[in-house]
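Now for the letters of each chain:
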Amino acid sequence: MADLVLFRYTYRQSVIHALDARCKFLCMAAFTIAVLLQPYGGHYTGLVAMSSLLAGIYLLAKQPAGMVKKMLPVLLVWLPMLIVVPALAKAGTPLAPKGVLARLSQEGLQYGIGYGWKFVLFLVFSQLMVATATVSEISKAVAWYLHPLPKPVPAVVGVLLSLTLAQIPALFDAYQQINAAQTARMGNRVKNQVKRMRNLLLPLLQNLFTRADELAMAMEARCFTYHRAQYHLPITAHDRAVTAIFCLLCGLTAWVGRTL
Amino acid sequence: MSEPLLQIQNLVHRFANGVQAVKGVNWQIQKGEFIVLSGSNGSGKTVLVRHFNGLLQPTSGSVLLWGKPVSRQLLIARQTIGLVFQDAASQMVAQTVYEEVAFGPENLRLTASEINHRVTQALQTTGLTGLENRHPLELSGGQQRRLAIAGILAMQPAMIVLDEPFNGLDYEGVVQTLQQIVSLHQNGHTILVITHDLEKTLAHATRLAIMHQGQMVLDGTPQTVLPQAEKYGVKPPYHYHQRPLNSITWLT
């Protein structure tokens, strides 16, 4: 059994998995707009409401709890930066009269917290999207939305998207293996970060190109063409109802955030 | 004798860096055969079989499928000759077992019901029914190998080429994969297995061929080829001359 890997499809029997990918894209649009409408400075009621909504969806999707733990390293790298940079850059009341904290403004910190919070919401939502819809469903949905464009465009975009998304978990796996192999040989003690990065990136890129080459060969062996059969199941009343409820809840959280 | 399924005529393959991987191979494969192709690393086995369905084009010479050049009927060649690659995980293009098997039929632009029929049948044949919604990389090594075979079976090929199918598999995985291969042969598929490990499969083979430095140096029945195998770097099964040939298998 493989380890849990971020941005990989995880099958469960849930109402979220059953939802048509085209409807999921509509939900994503509604969620994105609702998050962007939330105010930044100091008022977090809307973000709390959005977080509760997302937590509810996460539970409904029956996703493994370990996935949240998997996201922590990503968050630990980005969150401090997202919070501290605005606090340093935005003018306002200093956090403390002197010392390092005097360089940070209260307004900037509040802005940064809001910004970081929104980043977490986007990250978790993206994870939920790819964990509950297969790459094929996502790429077919994208191709469906691009249908009005000239014929080859939706097909090419759909295939490129599906290949990219399908390879992300494999790249995470490869990175972890390379990192572990180098750590086993004390690679983590290299102080020069540029050298350390180069040591990790070169084998990763090599792995990526070899893999791409093998994949292309395997796809060709199975008669690959951009004009593949693409069949969609019809959007059901259940899909419409779930999408409508979700969009309504997003609207409600946006209203809560802007008025309360 | 009927027309051979595949006919390889004086095939030469030279890579861009000048290395000659295949040096003038002449070979024939008849329908219904079970061939084991062996040889040391770098002897040109994989390069040779990749010409069978036009994945590689020969520098000179030709490959004929049912008497016609493969290069003039690529689509037919890729449906007729199914190639299962060495690393099963590297040929996975989808995120569920069902979609992985459906990849080939979708490329053939079959109808939705035909795709579903072929996928269901391929999964049944390989014993993967019930795993349709699982991620391919969550399966065991043996199951992944059988999934790769299912992906090929859904294209309904006449011949299946398996490149090192037992590589990296535990005992159970080897047995599962070998059972699958034998059963495919019994169902009328022509089988070509590339392997170093004769001990696992030889009892089922109707023919054994050995490549060495890009050339087909030995080809015949296992009984005739085995005594000379060692001088081309292929390890013969233990005490093979004291055992009946049908005992050289991992299937009990």
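Scroll up for the structure.
Note that this is a predicted model, so its numbers are computed, not measured. (Residues numbered from 1 in each chain as written. Chains lettered and ligands numbered in written order. Predicted model: local features only at pLDDT ≥ 70, side-chain atom pairs only at ≥ 80, totals over all residues. Heavy atoms only, no water.)

Participant: Got a minute to help me understand the packing of aromatic side chains in this structure?
Facilitator: When we look at a pair of aromatic rings, we describe it by the centre distance and by the angle of the planes. Under the definition given, this model contains ten aromatic pairs over all chains. Between B:Tyr171 and B:Trp250 the ring centres are 5.6 Å apart and the planes differ by 45°, which places this aromatic pair in the tilted class. Of this pair, B:Tyr171 sits in helix α6 (residues 171-186) while B:Trp250 sits in the segment after α8 (222-229); the two residues are 79 residues apart in sequence, bridging distant segments of the chain. Residue B:Tyr171 is classed as exposed on the basis of its relative accessible area of 52%. Directly above the ring of A:Trp144 sits A:Arg22, whose terminal nitrogen or CZ lies 5.0 Å from the centroid. Stacked on the ring of A:Tyr111, the Lys or Arg A:Lys90 has its end atom at 5.0 Å from the ring centre. (Phe/Tyr/Trp six-rings, centres within 6.5 Å; stacked < 30°, edge-to-face > 60°. Helix = DSSP H or I, 4+ residues; strand = E, 2+ residues; numbered from the N terminus. Buried < 20%, exposed > 50% of the residue type's maximum accessible area, 1.4 Å probe, protein only. Lys NZ or Arg CZ within 6 Å of the ring centre and 35° of its normal.)

Participant: Explanation requested: the sheet that holds strand β9 (residues 207-212) of chain B in the structure shown.
Facilitator: Consider a sheet: its strands pair through backbone hydrogen bonds, and that pairing is either parallel or antiparallel. All names here are of chain B. The strand order β6-β7-β8-β3-β9-β10 describes an open sheet built from six strands, whose pairing is mixed. This sheet does not close on itself; its edge strands, each paired only once, are β6 (81-84) and β10 (215-220). Neighbour-to-neighbour, the strand axes of this sheet turn through a mean angle of 20°, independent of strand direction. Note: strand β7 (residues 159-163) against strand β8 (residues 190-194), five bridges, orientation parallel. For Met-159, the partnering residue across the bridge sits in β8 and is Thr-190. Sheet strands in contact with helix α5 (residues 141-153) are β6 and β7, and its direction is about 160° off that of β6. The strands touched by α8 are β9 and β10; relative to β10, the strand with the most contacts, the crossing angle is about 135°. (Pairing = 2+ DSSP bridges. Axes fitted to C-alpha atoms, helices over the stretch in contact; angles between N-to-C directions. Contact = heavy atoms within 4.5 Å.)

Participant: Which parts of the structure should I look at to understand the environment of A:Gln127?
Facilitator: Residue and element names in this part refer to chain A. Relative to the assigned elements, Gln-127 resides in helix α5 (residues 106-132). Residue class for Gln-127 comes out buried when judged on its relative accessible area of 1%. Those residues in contact with Gln-127 that lie beyond four places of it in its chain are Leu-6, Phe-7, Met-67 and Met-71.

Participant: When you look at helix α3 (residues 97-107) of chain B in this model, what are you seeing that I'm missing?
Facilitator: For an α-helix the count is 3.6 residues per turn, leaving residues at separations of three or four pointing the same way. Counting buried residues along α3(B), ten of its eleven residues qualify, which places the element largely inside the surrounding structure. Listed as buried for α3(B) are B:Val97, B:Glu99, B:Glu100, B:Val101, B:Ala102, B:Phe103, B:Gly104, B:Pro105, B:Glu106 and B:Asn107. Packed against the buried residues of α3(B) are α6 (135-145) and α8 (193-221) of chain A together with α4 (112-125) and α5 of chain B. Looking one or two residues beyond α3(B), the residue adopting positive phi is B:Arg109, at roughly 55°.

Participant: Could you clarify how one ought to interpret the side chain of B:Thr249 in this entry?
Facilitator: Residue and element names in this part refer to chain B. Within the secondary structure layout, Thr-249 lies in the segment after α8. Residue Thr-249 is classed as buried on the basis of its relative accessible area, which comes to 16%. Of note is the side chain of Thr-249, whose polar atom sits 2.7 Å from the side chain of His-204. At 3.0 Å, the side chain of Thr-249 forms a polar contact with the backbone nitrogen of Leu-251. Excluding its chain neighbours within four sequence positions, the residues that come into contact with Thr-249 are Leu-178, Glu-199, Lys-200, Ala-203 and His-204. (Polar contact = N/O pair within 3.5 Å; in protein donor to acceptor, adjacent residues only side chain to side chain.)

Participant: For this particular structure, what's the right way to read the sheet that holds strand β5 (residues 68-69) of chain B?
Facilitator: Residues and elements named next belong to chain B. The strand order β2-β1-β4-β5 describes an open sheet built from four strands, whose pairing is antiparallel. Taken across any chain shown, the strands that pair with only one partner, and hence form the sheet edges, are β2 (20-29) and β5. The pairing of strand β1 (residues 6-14) with strand β4 (residues 60-65) spans five bridges and is antiparallel. Each bridged residue has a counterpart across the sheet, and for Leu-6 the counterpart in β4 is Leu-65.

Participant: Help me understand the packing of helix α2 (residues 21-37) of chain A against α6(A), please; the structure alone is not making it clear to me.
Facilitator: The relative placement of two packed helices is expressed as an angle between their axes plus a distance between the axes. All names here are of chain A. Closest axis-to-axis distance for the α2/α6 pair is 8 Å, and the angle between their directions is 75°. By the criterion of interaxial angle, the relationship of α2 to α6 is roughly perpendicular. When α2 is examined against α6, the residues Ala-21, Arg-22, Phe-25 and Leu-26 are found in contact with a partner set consisting of Glu-137, Ile-138, Ala-141, Val-142, Trp-144 and Tyr-145. A per-class count over the contact of α2 with α6 returns eight nonpolar, no polar and two charged. (Parallel < 35°, antiparallel > 145°, perpendicular 65-115°, else oblique. Nonpolar A, V, L, I, M, F, W, Y, C, P; charged D, E, K, R; others polar.)

Participant: In this structure, what is going on with the packing of helix α4 (residues 66-89) of chain A against α5(A)? I would like to understand it.
Facilitator: All names here are of chain A. It is the contact of α4 with α5, at a shortest axis distance of 8 Å, that shows an interaxial angle of 150°. As summarised for this structure, α4 and α5 are arranged roughly antiparallel, according to the angle between their axes. Read as a crossing pair, α4 and α5 show a hand that is right-handed. Facing α4, whose interface residues are Met-67, Met-71, Val-74, Leu-75, Trp-78, Leu-79, Leu-82, Ile-83, Pro-86 and Ala-87, α5 presents Gly-108, Leu-109, Tyr-111, Gly-112, Ile-113, Tyr-115, Gly-116, Phe-119, Val-120, Leu-123, Val-124 and Gln-127. Class assignment for the residues of the contact of α4 with α5 results in 18 nonpolar, four polar and no charged. (Left-handed = near helix turned anticlockwise from the far one by under 90°.)

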